[in-house]
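Listed below are the residues making up each chain.
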Amino acid sequence: MRVALIIASGLVLFASSAYAGATPVQCSLIERQIAHYTGMAERANELDNPMWEQGMKQHLKLLKGRHNALLCPQSDAVGNRQRAAQAAEVLKMAGRAALSFFTMGAF
């Protein structure tokens with residue numbers, strides 16, 4: 001009975017971790033690969049090489065399917081700019097605090 005309970009709980013934990021989604025690193029890696037192979041497909045089109053272009057497009061299809069299967073959030077330029085602006089504000093505030101600290105309040 002205990003063995004069955006241990007096996008069942010292990011399967012539940014494994015199944016839940018398999019569908020938890022991808023880490024940001026995995027999503028970033030696949031997004032970089034998609035960008036690279038998109039450029040390669042464009043290059044193949046410029047060189048008028050249909051076989052190479054077809055291969056790149058098939059690989060892009062696989063990468064996009066993997067990207068969707070990992071439940072990666074769709075990257076949006078507006079959200080990235082907002083996060084960058086927020087990070088810049090935090091760095092400015094930290095710089096002001098460090099300047100005030102190290103000059104003992106003179107600045």
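In what follows, the structure referred to is the one given above.
Values in this document were obtained by computation on a predicted structure and should not be read as measured data.

**Here we look at the packing of aromatic side chains**
This structure, assessed with the given rule, holds 1 aromatic pair. Plain terms: the ring middles of Phe 101 and Phe 102 are 5.1 Å apart, the flat faces sit at 75 degrees to each other, and that makes the pair edge-to-face. This pair shows no difference in class: Phe 101 is exposed, exactly as Phe 102 is.

**Remarks on the nonpolar core**
With 6 residues, the main nonpolar core is built from Ile 30, Ile 34, Ala 41, Met 56, Leu 60 and Leu 63. Within the residue set of this core, elements represented by two or more residues are helix H2 (24–46) and helix H3 (50–69). Those residues in contact with Ile 34, other than ones at most four positions away along the chain, are Leu 60, Leu 63, Lys 64 and His 67.

**Topic: the pattern of salt bridges**
Side chains carrying opposite charge are able to pair once their charged atoms draw close together. Per the counting criterion, the structure on display carries 3 salt bridges. Across the pair Lys 92 and Glu 89 runs a salt bridge, and its minimum N-O distance is 3.8 Å. You can see Lys 92 and its partner Glu 89 sitting in helix H4 (residues 77–102), 3 residues apart, about one turn around the helix.

Calculation notes
- Residues numbered from 1 in each chain as written.
- Predicted model: local features only at pLDDT ≥ 70, side-chain atom pairs only at ≥ 80, totals over all residues.
- Heavy atoms only, no water.
- Phe/Tyr/Trp six-rings, centres within 6.5 Å; stacked < 30°, edge-to-face > 60°.
- Buried < 20%, exposed > 50% of the residue type's maximum accessible area, 1.4 Å probe, protein only.
- Core = buried A, V, L, I, M, F, W, Y, C linked by side-chain atoms within 4.5 Å.
- Helix = DSSP H or I, 4+ residues; strand = E, 2+ residues; numbered from the N terminus.
- Contact = heavy atoms within 4.5 Å.
- Salt bridge = Lys/Arg side-chain N within 4 Å of Asp/Glu carboxyl O.

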